[in-house]
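So you can see what is in the structure, the chains are spelled out below.
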Amino acid sequence: MLNYHSITYDPGNKAVITPELFTEQMNYLAENGYTTLTLKHFSDIWLGEAEMPKKPVLLTFDDGYADNHEYAMPLLKKLGFHATLFMSPGTTDDGYFLSWEQVKEMHEAGWDIQPHGMTHPYLTSLSKSDQAYEILEAKKQIEDQLGTTADIFCYPYGAYNAKTLAILKENGFRFAFTIEQGKTKTNQDPLKLKRIFVNGEEPTKTLIKNLEKNY
Ligand SMILES: [Zn+2]
């Protein structure tokens, strides 16, 4: 699981990757036989109902930056790549983040859209009922807007506690993604899945090293 955020120009911010470097990385994956997974494909592999492709990769984009629509959507479409967006519905009127109209367009282009909290809070600083609102209202709004099932969560800032896990379990969430570094493996707790953070300040060869090492 690769974890991207914003695709734009913001020197010094390692969570931001330039459109040029992002394009280079996507082309590398395309030219080197990687298969990008949908969440359905990922889930089928997890359940043993689908074969693992030789070089699987799941592209995740956190937060729902409007630049994902501008730069990632057309490129991934051109390459025939799948991707997952973890968004916070409370930010859709902001302009800096994706609007529902843009999210719908990405969904129609084949992106999986899943919740990342209503307002991207530190869940661990909230009461259980406030956490439940953040998680379940985000789930509901995505489901209402897109007519899909939004039962895969991504923890804002990677932060969760026992209350968070209880809410996810009580409400049928199947998987949840952290920011703990490493490859996603079937022996991990499905609500504590690891990902690989893509540092936008590092060259593609670092990404390749991370994709090839076993950790
Ligand atoms: Zn986030």
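- Per an unreviewed UniProt entry, the protein goes by Polysaccharide deacetylase family protein and derives from Paenibacillus thalictri.
- Listed under Subcellular location (unreviewed entry) in UniProt, the entry text for the protein is "Secreted".

Observations concerning the pairing of strand 6 (residues 59-63)
Inference 1: Where burial is concerned, most of strand 6 is hidden: 5 out of the 5 residues are buried.
Inference 2: Relative to strand 6, strand 1 (residues 2-4) runs parallel, the two being bridged by 3 bridges. Along strand 6, the bridge assignment pairs tyrosine 4 with phenylalanine 61.
Inference 3: Here strand 6 runs beside strand 7 (residues 84-87); their pairing, made up of 4 bridges, is parallel. Following the sheet pairing, phenylalanine 61 is matched in strand 7 by leucine 85.
Inference 4: Chirality of the crossover, the property in question, places the unit of strand 6, helix 3 (residues 66-79) and strand 7 among those that are right-handed.

Brief notes about helix 6 (residues 162-170)
Inference 1: Residues Thr164, Leu165, Ile167 and Leu168 constitute the buried set of helix 6. Down the axis of helix 6, the sector holding all buried residues measures 160°, keeping them to one side. Across from the buried face of helix 6, at angles greater than 90 degrees, the exposed residues are Ala162, Lys169 and Glu170.
Inference 2: In this structure, the buried residues of helix 6 make contact with helix 5 (128-146), strand 9 (152-154) and strand 10 (175-181).

What to know about the environment of leucine 85
Inference 1: Among the structural elements, leucine 85 can be located in strand 7.
Inference 2: The spatial distance from the C-alpha of leucine 85 to the C-alpha of glycine 64 is 6.6 Å, given a sequence separation of 21 residues.

Some thoughts on the pattern of salt bridges
Inference 1: Summed over the entire model, instances satisfying the criterion amount to 7 salt bridges.
Inference 2: The shortest N-O distance in the salt bridge between aspartate 151 and arginine 174 comes to 3.0 Å. Pair noted here: aspartate 151 is in the loop between helix 5 and strand 9 and arginine 174 is in the loop between helix 6 and strand 10, with a separation of 23 residues, a long-range link.
Inference 3: On the basis of relative accessibility, which here comes to 39%, the residue arginine 174 falls in the partly exposed class.
Inference 4: Residues lysine 194 and glutamate 180 are paired through a salt bridge, measuring 3.8 Å at the closest nitrogen-oxygen approach.

Topic: the side chain of arginine 195
Inference 1: Within the element layout of this structure, arginine 195 appears in strand 11 (residues 193-197).
Inference 2: Among the residues examined, arginine 195 registers a relative accessible area of 0% and is labelled buried.

Looking at the layout of surface pockets
Inference 1: What the largest pocket holds in volume is close to 430 Å³.
Inference 2: Taken together, 18 residues line the largest pocket, and the ones lying closest to its centre are Met1, Met52, Pro56, Lys183 and Thr184.
Inference 3: Looking at the lining of the largest pocket, the elements with two or more residues in it are helix 2 (39-46) and strand 5 (56-57).
Inference 4: No other element matches the 3 residues that helix 2 contributes to the lining of the largest pocket.

Analysis parameters
- Residues numbered from 1 in each chain as written.
- Predicted model: local features only at pLDDT ≥ 70, side-chain atom pairs only at ≥ 80, totals over all residues.
- Heavy atoms only, no water.
- UniProt positions renumbered as here; feature names shortened; annotations may be inferred.
- Buried < 20%, exposed > 50% of the residue type's maximum accessible area, 1.4 Å probe, protein only.
- Helix = DSSP H or I, 4+ residues; strand = E, 2+ residues; numbered from the N terminus.
- Pairing = 2+ DSSP bridges.
- Right-handed = clockwise from strand over helix to strand, strands pointing away.
- Arc of directions from axis to C-beta.
- Contact = heavy atoms within 4.5 Å.
- Salt bridge = Lys/Arg side-chain N within 4 Å of Asp/Glu carboxyl O.
- 1 Å grid on protein atoms, 1.4 Å probe; cavity = no way out; pocket = protein on both sides within 12 Å on 5 of 7 lines; lining within 4 Å.
- Points joined across faces, edges and corners; volume = space filled by probe spheres on them.

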